[in-house]
Amino acid sequence: YRAKLSGKSEVPRVNSTAKGSANFKSQKDILTWKLNITEMSDATGAKIYIGNKTENGEPIIDLMKSNNWSRTPLGIVMNGSISASDLQGSLQGNSTEVLKSIMSNGDTYVNVLTNNHPEGEVRGQIKLSAPKLNQTNTANMTGNITTVAK
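**What to know about the environment of asparagine 111**
Mapped onto the secondary structure, asparagine 111 falls in strand S8 (residues 108-113). Residue asparagine 111 is classed as buried on the basis of its relative accessible area of 2%. Linking asparagine 111 and glycine 45, residues 66 residues apart in sequence, is a C-alpha distance of 8.0 Å. Ignoring any residue separated from it by four or fewer positions in sequence, one finds asparagine 111 in contact with Glu10, Gly45, Ala46, Lys47, Tyr49, Glu119, Gly120, Glu121, Val122 and Arg123. A distance of 3.0 Å separates a polar atom in the side chain of asparagine 111 from the backbone oxygen of glutamate 119.

Here you go:
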């Protein structure tokens with residue numbers, strides 16, 4: 001799962017130079033995650049919400065609860081893991097399988113809050129990542145190049 005974060009994805013839009021990406025990996029009943037944000041020096045919150053890209057939804061996971069983040073010369077890096085006990089709000093008491101299903105449907109987003117933008121400075125809809133394929137280019141008899149997945 002992956003999300004690209006920017007101020008233009010906030011509802012309403014926010015004028016910010018900060019940008020980021022969030023990556024989630026499924027490992028049985030746990031999701032590990034990493035969040036990279038550039039052009040941001042401090043965050044007051046980072047959460048996953050239920051909601052589509054046009055609405056402000058309900059927070060279901062507090063990513064800063066893990067308290068595993070650091071400043072870099074370019075911005076902020078955070079990482080952690082999500083288990084069923086981390087689910088809040090309407091997902092409390094559910095399994096991470098329920099969360100993964102909602103994430104796969106594009107009905108969740110990551111929102112990073114700051115002092116200047118307490119409702120969120122950068123936001124991105126979580127989407128299922130396409131699997132990476134190894135590719136090679138082969139030329140057929142007419143000289144056209146065809147890409148073939150291995």
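That shown, we press on.
**As for the pairing of strand S2 (residues 19-27)**
In terms of strand pairing, strand S1 (residues 2-6) meets S2 through 5 bridges, oriented antiparallel. What sits directly across from alanine 3, in S2, is alanine 22. Connecting S2 to the next strand, strand S3 (residues 30-38), in antiparallel fashion are 2 residues, including lysine 28 with a positive phi near 60 degrees.

**Concerning the pattern of salt bridges**
Two side chains of opposite charge can pair, provided their charged atoms sit close to one another. In the structure shown here, the tally under the stated rule is 3 salt bridges. The salt bridge partner of aspartate 86 is lysine 65, with a shortest N-O separation of 3.8 Å. You can see aspartate 86 sitting in the loop between strand S7 (75-82) and helix H1 (96-104) and its partner lysine 65 sitting in the loop between strand S5 (58-62) and strand S6 (69-71), a full 21 residues away along the chain. With relative accessibility at 52%, the residue lysine 65 sits in the exposed group. Measuring nitrogen to oxygen at the nearest pair gives 2.8 Å for the salt bridge that ties glutamate 97 to lysine 100. Taken together, the residues span about one helical turn, with glutamate 97 and lysine 100 both in helix H1 at a distance of 3 residues.

**A few points about the confidence of the model for the chain**
With 86% of its residues at a pLDDT of at least 70, the chain reaches an overall mean of 89. In this model residues 135-150 is a low-confidence stretch, pLDDT under 50, and it forms 19 contacts with partners more than four residues away in sequence or in other chains.

Here is what the cut-offs are and how they apply
- Residues numbered from 1 in each chain as written.
- Predicted model: local features only at pLDDT ≥ 70, side-chain atom pairs only at ≥ 80, totals over all residues.
- Heavy atoms only, no water.
- Helix = DSSP H or I, 4+ residues; strand = E, 2+ residues; numbered from the N terminus.
- Buried < 20%, exposed > 50% of the residue type's maximum accessible area, 1.4 Å probe, protein only.
- Contact = heavy atoms within 4.5 Å.
- Polar contact = N/O pair within 3.5 Å; in protein donor to acceptor, adjacent residues only side chain to side chain.
- Pairing = 2+ DSSP bridges.
- Salt bridge = Lys/Arg side-chain N within 4 Å of Asp/Glu carboxyl O.
- pLDDT = per-residue confidence, 0-100.

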